[in-house]
Amino acid sequence: METKEIYALAEKYSNKAAAALEKYQETGLARYYRESCKAEELGEALRLAAVARDDHMALVHLRGELANLANLAERCKENPDLADALRDAVLSTARMHGIWR
C-alpha cells in the first residue's frame, strides 16, 4: 500500500469516528461512543503506519546507497585512482541525506 493510500484510509476512519461521536451526542447510546473510540484509534494507528512506512523506505534506500559505496570502496583496492570518486560519492550521499553541509 502506498503512503497516500494509508493516509486516505486513516482519514476515512477519522470521518467515521466523527460521525459516530455525533450519533453518540444525539442519542447517548454507548455503542456509538465505543465505535467512535475504536475508529479514532484505527485512524491513529494507520497514520503511525504511514510514517513507519516512509521511514522504512528511506532506510531501504540508504542501505542500497551504502552497498554502492562499499562496492566502490572495494574497487578502490584494485584501482587507487577511484579514491576521488569514492570521496565524492560519500560526500554527495551525505549531503543528500542532510548529514553533511
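See the structure printed just above.
Summary of the structure given here.

The next subject is the overall build of the protein. Looking only at helices and strands, one finds three helices and zero strands in the protein. Mapped in sequence order, the helices and strands of the protein form the string α-α-α. In terms of overall dimensions, the protein is more spread out than a globule: its C-alpha atoms have a radius of gyration of 24 Å, far above the 13 Å expected for 101 residues. Here the C-alpha coordinates of the protein stretch approximately 75 × 25 × 15 Å along the principal axes. With 101 residues in all, the protein has 20% of them scored as buried. By sequence separation, contacts in the protein at least 24 residues apart represent 47% of the contacts at least 6 residues apart.

Before going further, it helps to examine the packing of helix 1 (residues 3-27) against helix 2 (residues 30-78). Look at helix 1 against helix 2: their axes get within 7 Å of each other, and the N-to-C directions meet at 165 degrees. Here helix 1 lies roughly antiparallel to helix 2, going by the angle between them. In this structure, helix 1 meets helix 2 at a crossing whose hand is left-handed.

Attention now goes to the pattern of salt bridges. Counted according to the given criterion, the structure contains five salt bridges. Residue Arg87 is joined to Asp84 by a salt bridge in which the shortest nitrogen-to-oxygen separation is 3.3 Å. In this pair, Arg87 and Asp84 are both assigned in helix 3 (residues 83-96), three residues apart and thus about one turn of the helix distant. We classify Asp84 as partly exposed; its relative accessible area is 46%. Residue Arg87 pairs with Asp88 through a salt bridge whose shortest N-O separation is 3.2 Å.

Conventions and cut-offs
Residues numbered from 1 in each chain as written. Predicted model: local features only at pLDDT ≥ 70, side-chain atom pairs only at ≥ 80, totals over all residues. Heavy atoms only, no water. Helix = DSSP H or I, 4+ residues; strand = E, 2+ residues; numbered from the N terminus. Rg over C-alpha atoms; globule rule 2.2 N^0.38 Å. Buried < 20%, exposed > 50% of the residue type's maximum accessible area, 1.4 Å probe, protein only. Contact = heavy atoms within 4.5 Å. Axes fitted to C-alpha atoms, helices over the stretch in contact; angles between N-to-C directions. Parallel < 35°, antiparallel > 145°, perpendicular 65-115°, else oblique. Left-handed = near helix turned anticlockwise from the far one by under 90°. Salt bridge = Lys/Arg side-chain N within 4 Å of Asp/Glu carboxyl O.

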